[in-house]
Amino acid sequence: MFVSFFPQPRLFFLSVALWSAILVAVWFLGGAELGSLIGLPPAAADAPPIIGVSIFWSPPFLWFYIYFLFGVLIFYGFWRWYAPNPWQHWSILGSALILFVVYFQVQVSVAVNAWYGPFYDLIQAVLSKSETATPDRLYREIGSFAGLAFVGMNIAVLNAFFVSHWIFRWRTAMNDYYVSHWEKLRHIEGASQRVQEDTMRFSQIMENLGVAFVDSIMTLIAFTPVLINLSKHIGELPIVGTVAQPLLIAAIAWSIFGTLALALAGVKLPGLQFRNQRVEAAYRKELVYGEDHEDRAQPVTLGELFANVRYNYFKLYFHYVYFNVVRYTYLQANNMFALLIMVPSIAAQKLTLGLMNQISYAFSQVTSSFQFLVNSWSTIVELLSVYKRLHAFEATLSGGELSKIDQHYIATGGTEEHG
């Protein structure tokens, strides 16, 4: 799954984490100021925030683009020298481009959040008749948001197009790798399905899940400082009272609670999904044999195999009932949580309409990042089941031991009993 596309996967991903940590540390320990050497200084501490799309070509942003490119080229150059890989352009440079675009999209969201404050404060002032505004001024403010939305929308479309191609290259690498070792793999249950369908499903799930995970990390990095800055407007939390960084503490605590609740409720689902794929494969395989052999796919055999399918689906449906109760209850409560933690500050008249919108938006962004497992649990379950099936290929090629489920399949000659 990984060795076909990435050079020496374990070392590669370890180096990605290490190099990323180094680049982030250097940036915050003085790298951001180095842009001054080429006329791209950071924003002054007392400078008013730039509202609108022009922030993306301001000197601090231009310097970050250069810094990011410099870091990527060093990393790419090292791996091209140390362990050349035929897919290194896509696996390294393509991954870096996706990472940058996701970062850029998150910065669009940060810019939108910055727009919320002054715009809704203006609306509040106009509606309360404490300030006047001409239609032209309001149109300009709305146009500023439209510019951000236009940039964000088009970047998202282009990124989706590129990610689709990137993922298909990964599937191609897996397909070529497995096909080149077909003689060793053909005896594994459902080998043809694993090469054709499971590689397709794996790549599609990684497209959605991988991008969502990177987006969650980038959003967390970008919005945590925003949430910390907005915390000064929140005097206390309901029940808890006064704490340091109340918004961040509330976001972390609420997200941990949801993640643990969903993980506990869905602990049985990966195994059931894997078993579901196996019984489906056994039933489908018997039908395929029946197309060419009259003695196969007899009614009694098909009845037994389909009974296994039915049993597993009914068991899966049962476990999804209480999982979805927990999941949807939490997500509905999540819609009200940000408002609840602002109640004491609203009652104390410490917030404006603009601040309320900024806090609600920033809080939802941070909690969504922490709630990655909550929002993606069903997809993660499916990914784990596909991974288990493809992992049998990896075990076969490396001379490792097959999983118990595949050993059972071979020992029983391809039959499966429910229970």
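A brief look at the structure comes next. (Residues numbered from 1 in each chain as written. Predicted model: local features only at pLDDT ≥ 70, side-chain atom pairs only at ≥ 80, totals over all residues. Heavy atoms only, no water.)

Spanning 20 residues, helix H1 (residues 9-28) covers 28 Å between terminal C-alpha atoms, matching the ideal 28 Å at 1.5 Å per step. Turning to H1, its buried residues are Pro9, Phe12, Ser15 and Trp27. Seen from one end, H1 has its buried residues packed into an arc of 120 degrees, which puts them on one side. Along H1, the residues that are exposed and aim more than 90 degrees away from the buried face are Arg10, Leu14, Leu18 and Phe28. Next to the buried residues of H1 lie helix H2 (59-82) and helix H3 (88-127). Remark: Gly30 follows H1 within two positions and exhibits a positive phi of approximately 140 degrees. (Helix = DSSP H or I, 4+ residues; strand = E, 2+ residues; numbered from the N terminus. Expected span 1.5 Å × (residues − 1). Buried < 20%, exposed > 50% of the residue type's maximum accessible area, 1.4 Å probe, protein only. Arc of directions from axis to C-beta. Contact = heavy atoms within 4.5 Å.)

Further remarks concern the environment of Trp166. Following the sequence through the fold, Trp166 ends up in helix H4 (residues 135-180). C-alpha of Trp166 to C-alpha of Ile98: the two residues are 68 residues apart in sequence and 9.1 Å apart in space. Not counting the four nearest positions on each side in its chain, Trp166 is found in contact with Phe5, Phe6, Trp90, Ser91, Gly94, Ser95 and Ile98. Among the polar contacts made by the side chain of Trp166, one reaches the main-chain carbonyl oxygen of Trp90 at a distance of 2.7 Å. (Polar contact = N/O pair within 3.5 Å; in protein donor to acceptor, adjacent residues only side chain to side chain.)

In the Ramachandran plot, Gln245 falls in the positive-phi region, its phi being about 50 degrees despite a non-glycine side chain. Looking at where Gln245 falls in the secondary structure, it is placed in the loop between helix H6 (191-230) and helix H7 (246-265). Positive phi, close to 60 degrees, is recorded for Gln349, a residue that is not glycine. Gln349 gets classed as exposed once you look at its relative accessible area, which sits at 73%.

Running from amino to carboxyl end, H7 crosses helix H9 (residues 299-347) at an angle of 175 degrees, the nearest separation of the two axes being 9 Å. Judged on the interaxial angle alone, H9 and H7 are roughly antiparallel. Contact with H7, carried on its side by Leu247, Ala250, Trp254, Ser255, Phe257, Gly258, Ala261, Leu262 and Ala265, involves Tyr322, Phe323, Val326, Arg327, Tyr330, Ala333, Asn334, Phe337 and Ile341 of H9 and no other residues of that element. Looking at the contact of H7 with H9, its residues break down into 14 nonpolar, three polar and one charged. (Axes fitted to C-alpha atoms, helices over the stretch in contact; angles between N-to-C directions. Parallel < 35°, antiparallel > 145°, perpendicular 65-115°, else oblique. Nonpolar A, V, L, I, M, F, W, Y, C, P; charged D, E, K, R; others polar.)

With that settled, consider the side chain of Gln358. Its place among the elements puts Gln358 in helix H10 (residues 353-370). A distance of 3.1 Å separates a polar side-chain atom of Gln358 from the backbone oxygen of Asn113. Not counting the four nearest positions on each side in its chain, Gln358 is found in contact with Asn113, Ala114, Tyr116, Gly117 and Leu230.

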